[in-house]
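Residues per chain, in single letters:
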Amino acid sequence: MTDQQIKGCIFNLDGVIVDTGKYHYQAWRRLANQMGFDFSKEQNERLKGLGRMASLEKILEWGGIYMPEAEKMHWADVKNNWYISLISNMKPGEVLPGVLYFLRQVRELGIKIALSSASQNARSVLKSTNIESFFDLIIDGTLIKKEKPDPQCFLQASVAMGFAPAQCLVFEDAPLGIDAAIYGGFTAIGVGRPELFPNAHLTIEGFENLRFNNLLGQLTERVIS
Ligand code: BG6
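S.K.: Hey, could you run me through the site of the ligand in this one?
M.R.: Around the ligand sit 15 residues in total, of which Asp 14, Arg 52, Ser 119, Gln 120 and Asn 121 are the nearest. In the model, an oxygen atom of the ligand is placed 3.5 Å from a nitrogen or oxygen of the Ser 55 side chain. Within the side chain of Asn 121, one N or O atom sits 2.7 Å away from an oxygen atom of the ligand. About the coverage of the ligand: the protein hides 96% of its 400 Å² of free accessible area.

S.K.: Before we go on, may I ask you to explain the pattern of salt bridges in this structure?
M.R.: Under the criterion given, the structure shown has ten salt bridges. With a shortest N-O distance of 3.0 Å, Glu 69 and Lys 72 are connected by a salt bridge. Of this pair, Glu 69 and Lys 72 are both found in helix H4 (residues 69-87), three residues apart, which corresponds to roughly one turn of the helix. With relative accessibility at 49%, the residue Glu 69 sits in the partly exposed group. A cluster of three or more residues bridged by salt bridges with shared partners is formed by Glu 45, Lys 48 and Asp 173.

S.K.: Sorry, what's going on with the domain arrangement of the protein here?
M.R.: How big an interface is tends to be reported as the loss of accessible area on association of its parts. When cut into domains, the protein gives domain 1 (8-18 + 95-224) and domain 2 (21-87). Using only C-alpha atoms to locate each centre, domain 1 and domain 2 end up separated by 25 Å. Between domain 1 and domain 2, the contact holds twelve residues from the first and eleven residues from the second. Summed over both partners, the interface of domain 1 with domain 2 comes to about 970 Å²; 49% of that surface belongs to carbon and sulfur atoms. It is Asn 121, Glu 147 and Leu 176 that lose the most area in domain 1 upon contact with domain 2, and together they represent 39% of the buried surface on that side. At the junction of domain 1 with domain 2, the criterion picks out one salt bridge. Here Lys 48 makes a salt bridge to Asp 173, at a shortest N to O gap of 3.5 Å. The interface formed by domain 1 and domain 2 contains four residue pairs in polar contact (both at pLDDT 80 or more). Broken down by class, the residue content of the side of domain 1 that touches domain 2 amounts to four nonpolar, four polar and four charged.

S.K.: Help me understand helix H3 (residues 52-63) in this model?
M.R.: Every α-helical turn comprises 3.6 residues, leaving residues that sit three or four positions apart pointing alike. With twelve residues, H3 extends 17 Å from end C-alpha to end C-alpha; this agrees with the ideal 16 Å at 1.5 Å per step. Those residues of H3 that sit buried are Ser 55, Leu 56, Ile 59 and Leu 60. Buried residues in H3, looked at end-on, bunch into an arc of 135°, giving them a common side. Summarising the contacts, the buried residues of H3 are in contact with helix H1 (21-34) and H4. Directly beyond the C-terminal end of H3, a positive phi value near 65° is found at Gly 64.

S.K.: Just to check I follow, could you spell out the environment of Ile 144 for this structure?
M.R.: Examined against the element boundaries, Ile 144 turns out to sit in the loop between strand E3 (137-139) and helix H7 (152-161). Considering only alpha carbons, one finds Ile 144 and Ala 200, 56 residues apart in sequence, at a separation of 23 Å. Not counting the four nearest positions on each side in its chain, Ile 144 is found in contact with Ser 116, Ser 117, Ala 118, Ile 139, Gln 152, Cys 153 and Gln 156.

What counts, and at which threshold
Residues numbered from 1 in each chain as written. Predicted model: local features only at pLDDT ≥ 70, side-chain atom pairs only at ≥ 80, totals over all residues. Heavy atoms only, no water. Near = heavy atom within 4 Å. Polar contact = N/O pair within 3.5 Å; in protein donor to acceptor, adjacent residues only side chain to side chain. Areas by Shrake-Rupley, 256 points an atom, 1.4 Å probe, with all protein chains shown as cover. Salt bridge = Lys/Arg side-chain N within 4 Å of Asp/Glu carboxyl O. Helix = DSSP H or I, 4+ residues; strand = E, 2+ residues; numbered from the N terminus. Buried < 20%, exposed > 50% of the residue type's maximum accessible area, 1.4 Å probe, protein only. Domains from an automatic or database assignment. Contact = heavy atoms within 4.5 Å. Buried area = accessible area lost by both parts, 1.4 Å probe. Nonpolar A, V, L, I, M, F, W, Y, C, P; charged D, E, K, R; others polar. Expected span 1.5 Å × (residues − 1). Arc of directions from axis to C-beta.

Laid out in structure tokens, this is it:
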């Protein structure tokens, strides 16, 4: 695999570019506490990649709470307002280590950069952290109709860039997202602990000191061996 074959890189946002998981956790936990129960960081990990309503369903299930759909919509809005006030205070320094350097390397090679996030708040996060201009294309939760592991979010990005899935790398921190990338025919790179991504083509711990060409070299070795 060479940089000539790779035409596009598609990045998930939450957990790949920035650690917004902690803000989702704070807001969901506040909601759970208000309903009279608590939930753990480990449980929060299992919400990664799930959409807003699907996350709420899981949390209510953990709390043993039943409520009609209209009430669920209300609580999802309440949580979202808390979340919005948390991310509005985010700063450029919250972009995860090595991300900007990595994005610059990709850009210098003439490879297109897309963001694909299930979050409807993705643009606000990009604005608060001042990284919107790094992305040639932004697909966010307002444009995506099917949730991961459906590959729609990544396919929309590759189609809009004019490339086939095989010409794109997908960077994901959620096992659901890795499955989505693989179903879509993309090369899937897990970002996080290797044991989380048995299906990924390659796993990286993060972007710190990561050289794009080394990454391609490792991918080639994997594909050949
Ligand atoms: C995903 C996160 O990126 O976006 C999930 O991993 C989150 O935790 C989902 O629930 C939807 O986000 P939002 O901001 O639209 O509620």
